[in-house]
Amino acid sequence: MYERLAQRLPARGLLVSGEQLAAARWEYHLGDGEPAAVHFADGSCVDARAVHATLNVLSVVPSTATAGLRAGDVEYANAEWHALVLGWLSELGGIVLSPPCAPSLAGPMLSHAEWIAHAARAGLPTPRVRMSASRGVAVDPIDEPLCDAFVAGNEVLAPSRAPRDALVRLSRSAGAPLLHVALDARGRFVSANARPSLRLGGEPLVDLLAAAFAAELP
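Because the structure is a prediction, the values reported are computed rather than measured. (Residues numbered from 1 in each chain as written. Predicted model: local features only at pLDDT ≥ 70, side-chain atom pairs only at ≥ 80, totals over all residues. Heavy atoms only, no water.)

Caption draft 1: Highlighting the pairing of strand 10 (residues 178–183). For strand 10, the buried fraction is high: 6 of the 6 residues fall into the buried class. Covered by surrounding structure in strand 10 are Leu178, His180 and Ala182 together with Leu179, Val181 and Leu183, the residues of both alternating faces. One ladder, built from 6 bridges, connects strand 8 (residues 147–152) with strand 10; its direction is antiparallel. Paired with Cys147 across the strands is Leu183, a residue of strand 10. Relative to strand 11 (residues 189–193), strand 10 is paired through 4 bridges, and the arrangement is antiparallel. Bridge pairing links Val181 to Ala192 in strand 11. Counted along the chain from strand 10 to the antiparallel partner strand 11, the turn is 5 residues long, and its residue Gly187 has a positive phi close to 80°. (Buried < 20%, exposed > 50% of the residue type's maximum accessible area, 1.4 Å probe, protein only. Helix = DSSP H or I, 4+ residues; strand = E, 2+ residues; numbered from the N terminus. Pairing = 2+ DSSP bridges.)

Caption draft 2: How the structure looks around helix 5 (residues 164–174). By the burial criterion, the buried members of helix 5 are Ala166, Leu167, Val168, Leu170, Ser171 and Ala174. The secondary structure elements touched by the buried residues of helix 5 are helix 4 (112–122), strand 8, strand 9 (155–157), strand 10 and strand 11. Taken from the residues just after helix 5, Gly175 is the one with a positive phi, measuring 70°. (Contact = heavy atoms within 4.5 Å.)

Caption draft 3: Geometry of the layout of surface pockets. Taken as a whole, the largest pocket spans an internal volume of roughly 1,000 Å³. As for the largest pocket, its lining consists of 37 residues, and the residues nearest its centre are Leu14, Leu15, Val16, Thr54 and Leu55. Elements that contribute at least two residues to the lining of the largest pocket include exactly helix 1 (2–8), helix 2 (18–23), strand 3 (45–47), strand 4 (53–55) and helix 3 (71–90). With 4 residues, helix 1 is the single largest residue contributor to the lining of the largest pocket. (1 Å grid on protein atoms, 1.4 Å probe; cavity = no way out; pocket = protein on both sides within 12 Å on 5 of 7 lines; lining within 4 Å. Points joined across faces, edges and corners; volume = space filled by probe spheres on them.)

Caption draft 4: The arrangement of the side chain of His118 in detail. Position of His118 relative to the elements: it lies in helix 4. A polar contact is formed between the side chain of His118 and the side chain of Ser173, at a distance of 2.6 Å. When sequence neighbours within four positions are dropped, the list of residues in contact with His118 reads Leu110, Leu170, Ser173 and Ala174. (Polar contact = N/O pair within 3.5 Å; in protein donor to acceptor, adjacent residues only side chain to side chain.)

Caption draft 5: Structural context of the nonpolar core. Ranked by size, the top nonpolar core spans 23 residues in total, and within it Trp115, Leu124, Leu167, Leu170, Leu179, Val181 and Phe189 carry the most contacts. Looking at this core, the elements that each hand over two or more residues are helix 4, strand 8, helix 5, strand 10 and strand 11. Of the residues forming this core, the biggest block, 5 residues, is contributed by helix 5. In this structure Phe189 touches His112, Trp115, Ile116, Ala119, Leu124, Pro125, Thr126, Pro127, Leu170, Val181, Ala182 and Leu183, once residues within four positions along its chain are discounted. Ala36, Trp81, Val85 and Leu86 belong to the second largest nonpolar core, which has 20 residues in total. (Core = buried A, V, L, I, M, F, W, Y, C linked by side-chain atoms within 4.5 Å.)

What follows is the structure, given as structure tokens:
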């Protein structure tokens, strides 16, 4: 799916894995105008500030980057490695789908109750929620079947009955420009995921992402 997306972009696309990042040579300087470059083993180089569009699916930093260290140093090294990657991702230019949102490397990490609160503020119908210290969060039963909706930037892929403007507002409110939302049979919010798999939406989602990138690329 990622290869197909790269083929549909109007500019050259590059697929980069976490393992490639772990094996790369980094050149990261703080300050405006300074490079934030990653040099890969094949000789290619990516300067974060020169990138125009990014689909970020890096959820964790590869442990291979700290392999071989003493056990007592691994925790500290992993924290430093995570901070470096988080900082570099934050420097990415142009449109970034699933941007870093500390401490997450890709998209916000919200509880179900937080997602429901964002959905309600965005104008989406939501189930009734009851919260207590003893029982946690209880949500009214959902009405099946569920339907899927996707947001990528200002682009929306959703059933005709879905409130598209409210979906975009939810995406912006949560700081998740790439978003999968599940709605129940009554159109009520069920759940959200800021790092959806492309396989979930298939070719229509690839088309949506390509359209979102095309709208922002120079």
